[in-house]
Amino acid sequence: TGREAVALLRGRDRALRAAADTLRTTPEEVPARVEQLREQAKKAAASAGRGAEVDLDALTAKAEPVADVPVLTAVVDGVGAKQLPELADHCKNKLGPSVVVLGTAEEGKVALIAAVDPAVVARGVRAGELVKVAAGIVGGGGGGKDTMAQAGGRDPSKLSEAVQSARQAVVACLES
């Protein structure tokens, strides 16, 4: 059993050294480093589901009335394209019958979303038209329903201009 025991221990020692090299630590610190990575993974998984923390009150405070309709147009930093629809819904729910146009840039791409309350759709504002106007400026396209539409683009440098153009389109619809 002596030779087999020594071989087993040497094999485990090689495996531990390989793990330590991969983790960029010493063999003695492997358990602590693994626990640290587990905690980081837990935090990352929890924040991935939520997206970036956005101050909803501060965001909705940017809404300005146009013909008695709250209109929120904003560029939101640190939010991924997948989180935009949920964020737009939260804003619309907080503002009541409103128009919400949000844009974000992520990995060199632009994501836009427009959410329009059905009461405002009846006044002629359509989400699909708003995102088409904005997407044209950032070199992209999109569409959707009258109440919710999404678009993408390739030019993040023009994101603010695109969101402003959507606002101008809302103003044109509501004030005509």
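In this text, all values refer to a predicted model and were calculated from it rather than measured experimentally.

(A) Broad picture of helix α1 (residues 2-23). The terminal C-alpha atoms of α1, which comprises 22 residues, lie 31 Å apart, in line with the 32 Å expected from a rise of 1.5 Å per residue. At the C-terminal side of α1, arginine 24 shows a positive phi close to 55°.

(B) Region of the structure containing the environment of valine 30. Checked against the element boundaries, valine 30 lands in helix α2 (residues 30-50). Assessed through its relative accessible area of 9%, valine 30 is described here as buried. Along the sequence, valine 30 and alanine 169 sit 139 residues apart, while their C-alpha atoms lie 58 Å from each other. Apart from residues no more than four positions distant in its own chain, valine 30 is found in contact with Leu16, Ala19, Ala20, Leu23 and Thr25.

(C) Structural detail: the sheet that holds strand β1 (residues 64-66). In space, the six strands of this open sheet follow the order β1-β2-β3-β4-β6-β5, with mixed pairing throughout. Of all strands in the sheet, those with a lone pairing partner are β1 and β5 (141-144), marking the two edges. Averaged over all adjacent pairs, the angle separating strand axes in this sheet is 20°, with direction ignored. Relative to strand β2 (residues 69-75), β1 is paired through three bridges, and the arrangement is antiparallel. The partner of proline 65 across the bridge, within β2, is proline 70.

(D) Fine view of unusual backbone geometry. For alanine 67, which is not glycine, the phi dihedral falls at a positive 50°. Its place among the elements puts alanine 67 in the loop between β1 and β2. Even without glycine at this site, aspartate 68 takes up a positive phi of about 65°. Here aspartate 68 is to be found in the loop between β1 and β2.

(E) Structural detail: the pattern of salt bridges. Taken as a whole, this structure holds six salt bridges when the rule is applied. Arginine 38 is paired through a salt bridge with glutamate 35; the nearest N and O atoms lie 3.6 Å apart. In this pair, arginine 38 and glutamate 35 are both assigned in helix α2, three residues apart and thus about one turn of the helix distant. Using a relative accessible area of 37% as the deciding quantity, one classes glutamate 35 as partly exposed.

(F) The nonpolar core, seen in detail. With 26 residues, the main nonpolar core has Val99, Leu112, Val116, Val125, Leu130 and Leu174 as its most contacted residues. The element best represented in this core is helix α7 (residues 159-174), accounting for six residues. What valine 125 contacts, discounting residues up to four positions off in sequence, is Val99, Val116, Val120, Leu130, Asp146, Val170, Cys173 and Leu174. Cys91, Ala111, Ile113 and Ala115 belong to the second largest nonpolar core, which has 16 residues in total.

(G) Region of the structure containing the environment of threonine 147. Checked against the element boundaries, threonine 147 lands in the loop between β5 and β6 (148-153). By relative accessible area, which is 28% here, threonine 147 ends up partly exposed. Taking the C-alpha atoms as reference, threonine 147 lies 24 Å from lysine 158; in sequence the two are eleven residues apart. What threonine 147 contacts, discounting residues up to four positions off in sequence, is Ala114, Ala115, Val116, Pro118, Val121 and Ala127.

(H) A look at the packing of helix α6 (residues 127-137) against α7. Where α6 contacts α7, the axes come no closer than 8 Å and their chain directions differ by 145°. Crossing handedness for the pair α6 and α7: right-handed. Contacts between α6 and α7 involve Leu130, Val133, Ala134 and Ile137 from the first element and Glu161, Ala162, Ser165, Ala166, Ala169 and Val170 from the second. Split into classes, the residues belonging to the contact of α6 with α7 amount to eight nonpolar, one polar and one charged.

Rules of the game
Residues numbered from 1 in each chain as written. Predicted model: local features only at pLDDT ≥ 70, side-chain atom pairs only at ≥ 80, totals over all residues. Heavy atoms only, no water. Helix = DSSP H or I, 4+ residues; strand = E, 2+ residues; numbered from the N terminus. Expected span 1.5 Å × (residues − 1). Buried < 20%, exposed > 50% of the residue type's maximum accessible area, 1.4 Å probe, protein only. Contact = heavy atoms within 4.5 Å. Pairing = 2+ DSSP bridges. Axes fitted to C-alpha atoms, helices over the stretch in contact; angles between N-to-C directions. Salt bridge = Lys/Arg side-chain N within 4 Å of Asp/Glu carboxyl O. Core = buried A, V, L, I, M, F, W, Y, C linked by side-chain atoms within 4.5 Å. Left-handed = near helix turned anticlockwise from the far one by under 90°. Nonpolar A, V, L, I, M, F, W, Y, C, P; charged D, E, K, R; others polar.

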